[in-house]
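Each chain, written out:
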Amino acid sequence: DQQVKQNSPSLSVQEGRISILNCDYTNSMFDYFLWYKKYPAEGPTFLISISSIKDKNEDGRFTVFLNKSAKHLSLHIVPSQPGDSAVYFCAASASFTGGGNKLTFGTGTQLKVEL
Amino acid sequence: EAGVTQFPSHSVIEKGQTVTLRCDPISGHDNLYWYRRVMGKEIKFLLHFVKESKQDESGMPNNRFLAERTGGTYSTLKVQPAELEDSGVYFCASSISGRPGKLFFGSGTQLSVL
């Protein structure tokens, strides 16, 4: 039973355009959401997060949107750059579990930014 | 500042053998986690230490897996005896308290059980 779902295993975007990565969740207890980026042979690195009390959080070229009623979040990268090519994992946590640090991850979306 | 270090980076063993993975967290991080990614699937939680105590081990697959964190510093994850389905990438992560969800991951140990 996967509680965090990333239905697109891969996405290809041209350099300079917008990349939109999507994530759906089923557990209503999740109240904190994160995106991690992973390069080959490296561990995931934190990218951006959003609390359930907000519907948008922006950090430079990266923006995360949260739609609680639809249990859906998305990551927008604009403009996309070749260095953004990586696997992006959506993750969620519930604050009552281990201080919010027990993360439930999706299966990841491989983003390829082409020249 | 050194990041999270995991050793070995790769391990190939035969079914029935024992393997021990090691993780050195970032200095000063009280929280230490083990996660596993199998065959390109999701990254799954195994367990969480706060200092030397196990806070949550609900993700440990079975009693063939034993995790320790002596003195609240480095941690080891032992698999004994290893089975084919234990193959995957084992990630260790650490964090400071009060920053929900922001974990620092190591590069992982690729475990192959033949």
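Right above here is the structure, for reference.
Residues numbered from 1 in each chain as written. Chains lettered and ligands numbered in written order. Predicted model: local features only at pLDDT ≥ 70, side-chain atom pairs only at ≥ 80, totals over all residues. Heavy atoms only, no water.

**So, the sheet that holds strand β8 (residues 75–79) of chain B**
All names here are of chain B. Spatially, β1-β3-β8-β7 is the arrangement adopted by the 4 strands of the open sheet, whose pairing is antiparallel. Each having just a single partner strand, β1 (5–7) and β7 (65–68) make up the two edges of the open sheet. In this sheet, adjacent strand axes meet at a mean angle of 15° when their direction is disregarded. (Pairing = 2+ DSSP bridges. Helix = DSSP H or I, 4+ residues; strand = E, 2+ residues; numbered from the N terminus. Axes fitted to C-alpha atoms, helices over the stretch in contact; angles between N-to-C directions.)

**Focus: the interface of chain B and chain A**
Across the boundary between the two partners, chain B contributes 23 residues, which contact 20 residues of chain A. With both sides pooled, the region where chain B packs onto chain A buries about 1,700 Å², and carbon together with sulfur makes up 60% of that total. Its salt-bridge partner being A:K102, residue B:D56 comes within 3.6 Å of it at the nearest N-O pair. Taken together, chain B and chain A are joined by 4 residue pairs in polar contact (both at pLDDT 80 or more). Among the secondary structure elements, those contributing two or more residues to the side of chain B that touches chain A are β4 (31–37), β5 (43–50), β6 (53–56) and β9 (88–95) of chain B. With 4 residues, β4(B) is the largest single contributor of residues to the side of chain B that touches chain A. Split into classes, the residues belonging to the side of chain B that touches chain A amount to 8 nonpolar, 9 polar and 6 charged. (Contact = heavy atoms within 4.5 Å. Buried area = accessible area lost by both parts, 1.4 Å probe. Salt bridge = Lys/Arg side-chain N within 4 Å of Asp/Glu carboxyl O. Polar contact = N/O pair within 3.5 Å; in protein donor to acceptor, adjacent residues only side chain to side chain. Nonpolar A, V, L, I, M, F, W, Y, C, P; charged D, E, K, R; others polar.)

**So, the environment of A:N101**
Counting through the fold element by element, A:N101 comes out in the loop between β9 (86–93) and β10 (104–105). In this structure A:N101 comes out as buried when scored by relative accessible area, which is 4%. Residues A:N101 and A:L75, spaced 26 residues apart in sequence, show a C-alpha to C-alpha distance of 21 Å. Here A:N101 is in contact with B:N31, B:Y33, B:Y35, B:S95, B:R99, B:P100, B:G101, B:K102 and B:L103, once residues within four sequence places are set aside. (Buried < 20%, exposed > 50% of the residue type's maximum accessible area, 1.4 Å probe, protein only.)

**Considering the pairing of β8(B)**
Along any regular strand the residues' side chains alternate between the sheet's two faces. All names here are of chain B. Across the 5 residues of β8, 4 count as buried, placing the element largely inside the fold. Bridge analysis of strand β3 (residues 19–24) against β8 gives 5 bridges, and the strand direction is antiparallel. Bridge pairing links V19 to V79 in β8. Note: β7 against β8, 4 bridges, orientation antiparallel. Across the sheet, F65 pairs through a bridge with V79, a residue of β8.

**Let's talk about the nonpolar core**
Counting 24 residues, the largest nonpolar core has A:F33, A:W35, A:L73, A:L75 and A:Y88 as its most contacted members. With 4 residues, β9(A) is the largest single contributor of residues to this core. Not counting chain neighbours up to four residues away, the residues in contact with A:L75 comprise A:S19, A:I20, A:L21, A:W35, A:L47, A:I48, A:F62, A:T63 and A:Y88. In terms of nonpolar packing, the next biggest core, distinct from the first, is built from 21 residues, B:L21, B:W34, B:L77 and B:Y90 among them. (Core = buried A, V, L, I, M, F, W, Y, C linked by side-chain atoms within 4.5 Å.)

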